[in-house]
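# Structure assessment
Spelled out from the first residue to the last, the chains are:
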Amino acid sequence: MRKLVHFIAATLDGFIAGPDGSDPTGPGGFWSPSGDYIQHLIEEYPETLPGPARAALGVTVEGTRFDTVVEGRRSYEVGLAAGVTDAYPHLRHLVFSRTLAESPDTGVELVAGDPVARVRELKAEEGKDIWLVGGGELAGALYGEIDRLIVKFSPLTVGSGIPLFGRAAAFEPRAWELAGHTVLPGGAVFLTYERGASE
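What counts as what
Residues numbered from 1 in each chain as written. Predicted model: local features only at pLDDT ≥ 70, side-chain atom pairs only at ≥ 80, totals over all residues. Heavy atoms only, no water. Helix = DSSP H or I, 4+ residues; strand = E, 2+ residues; numbered from the N terminus. Rg over C-alpha atoms; globule rule 2.2 N^0.38 Å. Buried < 20%, exposed > 50% of the residue type's maximum accessible area, 1.4 Å probe, protein only. Contact = heavy atoms within 4.5 Å. Areas by Shrake-Rupley, 256 points an atom, 1.4 Å probe, with all protein chains shown as cover. Lys, Arg positive; Asp, Glu negative; His and termini not counted. Charge placed at Lys NZ, Arg CZ, Asp CG, Glu CD. Salt bridge = Lys/Arg side-chain N within 4 Å of Asp/Glu carboxyl O. Core = buried A, V, L, I, M, F, W, Y, C linked by side-chain atoms within 4.5 Å. Pairing = 2+ DSSP bridges. Axes fitted to C-alpha atoms, helices over the stretch in contact; angles between N-to-C directions. Polar contact = N/O pair within 3.5 Å; in protein donor to acceptor, adjacent residues only side chain to side chain.

### Some words on the overall build of the protein chain
- Each helix and strand counted, the protein chain has 5 helices and 10 strands in total.
- In terms of C-alpha radius of gyration, the protein chain reaches 16 Å, essentially the compact-globule figure of 16 Å for 199 residues.
- For the C-alpha atoms alone, the extent of the protein chain along its principal axes is close to 45 × 40 × 35 Å.
- A buried classification covers 44% of the 199 residues belonging to the protein chain.
- Here the contacts in the protein chain between residues at least 6 apart in sequence split such that 66% fall between residues at least 24 apart.
- With an accessible surface of roughly 9,800 Å², the protein chain has 54% of that area assigned to carbon and sulfur atoms.
- Considering the protein chain, the positive charge centre built from 17 side chains and the negative charge centre built from 27 side chains are found 3 Å apart.

Below, the structure is given as structure tokens:
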């Protein structure tokens with residue numbers, strides 16, 4: 001069965017975005033990824049690079065981990081504000097929203113229903129794993145469905161912002177087992193955790 005993987009960048013104090021929800025690596029963002037971080041993504045997770053970045057970097061490889069990406073409306077609208085209607089045209093792209101009436105792009109499937117039910121359907125289909133890109137609110141809604149966490153910790157703190165599972169996530173302690181780690185010279189750390197065996 002396919003796994004839902006929360007592959008996300010976070011600060012050392014656990015925030016995935018500033019208080020306004022804007023892209024931390026975008027124009028005016030608080031984090032500029034180092035060259036070794038970008039190179040690691042190209043080598044290990046090329047399908048997670050947005051289409052415009054792939055084009056700029058000359059990345060054409062398909063990738064081996066994900067063929068589907070899911071995200072929430074607020075996360076999706078960060079790209080829309082930059083004029084990008086489908087940041088991941090190389091992946092099946094689903095956006096969960098109860099307010100968007102029509103998809104701005106034929107390559108983006110809008111889902112107005114229950115995220116848990118839809119993700120369970122996706123897991124039952126054939127294919128590679130499913131990438132949960134963000135944001136925090138959707139990650140909180142899908143908390144019980146996440147099978148693997150890959151957190152890309154940036155070497156900085158911000159004090160406040162949007163936490164890994166959003167501001168409204170329920171208190172539900174869960175054990176995770178460390179499955180891998182990569183420490184980059186620029187200070188970023190990739191930590192991979194699998195859902196605990198007792199979960």
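That covers the picture; the talk isn't over yet.
### Side note on the pattern of salt bridges
- In this structure the tally under the stated criterion is 18 salt bridges.
- One salt bridge in this structure joins Arg 65 and Glu 44, with 3.2 Å as the shortest N-O distance. Here the residue Arg 65 occupies a position in the loop between helix 2 (51–57) and strand 3 (66–72), and Glu 44 occupies one in helix 1 (residues 35–44), the gap between them amounting to 21 residues.
- Among the ionic pairs, Arg 195 bridges to Asp 147, the shortest N-O distance being 4.0 Å. Of the two residues, Arg 195 is situated in strand 10 (residues 189–195) and Asp 147 in the loop between helix 5 (136–141) and strand 7 (148–153); the sequence distance between them amounts to 48 residues.

### Some details on the nonpolar core
- Counting 23 residues, the largest nonpolar core has Leu 4, Val 70, Leu 132 and Phe 165 as the members making the most contacts within it.
- Mapped onto this core, the elements with two or more residues apiece are strand 1 (4–10), strand 2 (15–17), strand 4 (92–96), helix 4 (115–124), strand 6 (129–134), helix 5 and strand 7.
- The element best represented in this core is strand 1, accounting for 3 residues.
- Look past the residues within four positions of Leu 4 in its chain and what remains in contact with it is Val 70, Val 119, Lys 123, Ile 130, Leu 132, Leu 142, Glu 145, Ile 146, Asp 147 and Arg 148.
- Judged by nonpolar contacts, the second largest core, of 20 residues, contains Phe 7, Tyr 37, Leu 41 and Leu 184.

### Focus on the sheet that holds strand 7
- Reading across from one edge, 5-4-3-6-1-7-10-9 is the order of the 8 strands in this open sheet, with mixed pairing throughout. Of all strands in the sheet, those bounded by a partner on one side alone are strand 5 (108–111) and strand 9 (176–183). Each neighbouring strand pair of the sheet contributes to a mean axis angle of 25°, computed without reference to strand direction.
- By the bridge criterion, 6 bridges tie strand 1 to strand 7 in an arrangement that is parallel.

### Things to note about the environment of Ser 97
- Looking at where Ser 97 falls in the secondary structure, it is placed in the loop between strand 4 and strand 5.
- Placed 17 residues apart in sequence, Ser 97 and Asp 114 show a C-alpha to C-alpha distance of 9.8 Å.
- When residues no more than four places from it in sequence are discounted, the contact partners of Ser 97 are Arg 73, Val 111 and Ala 112.
- A polar contact is formed between the side chain of Ser 97 and the backbone nitrogen of Thr 99, at a distance of 3.1 Å.
- Looking at Ser 97, its side chain comes within polar contact range of the main-chain nitrogen of Leu 100, at 2.9 Å.

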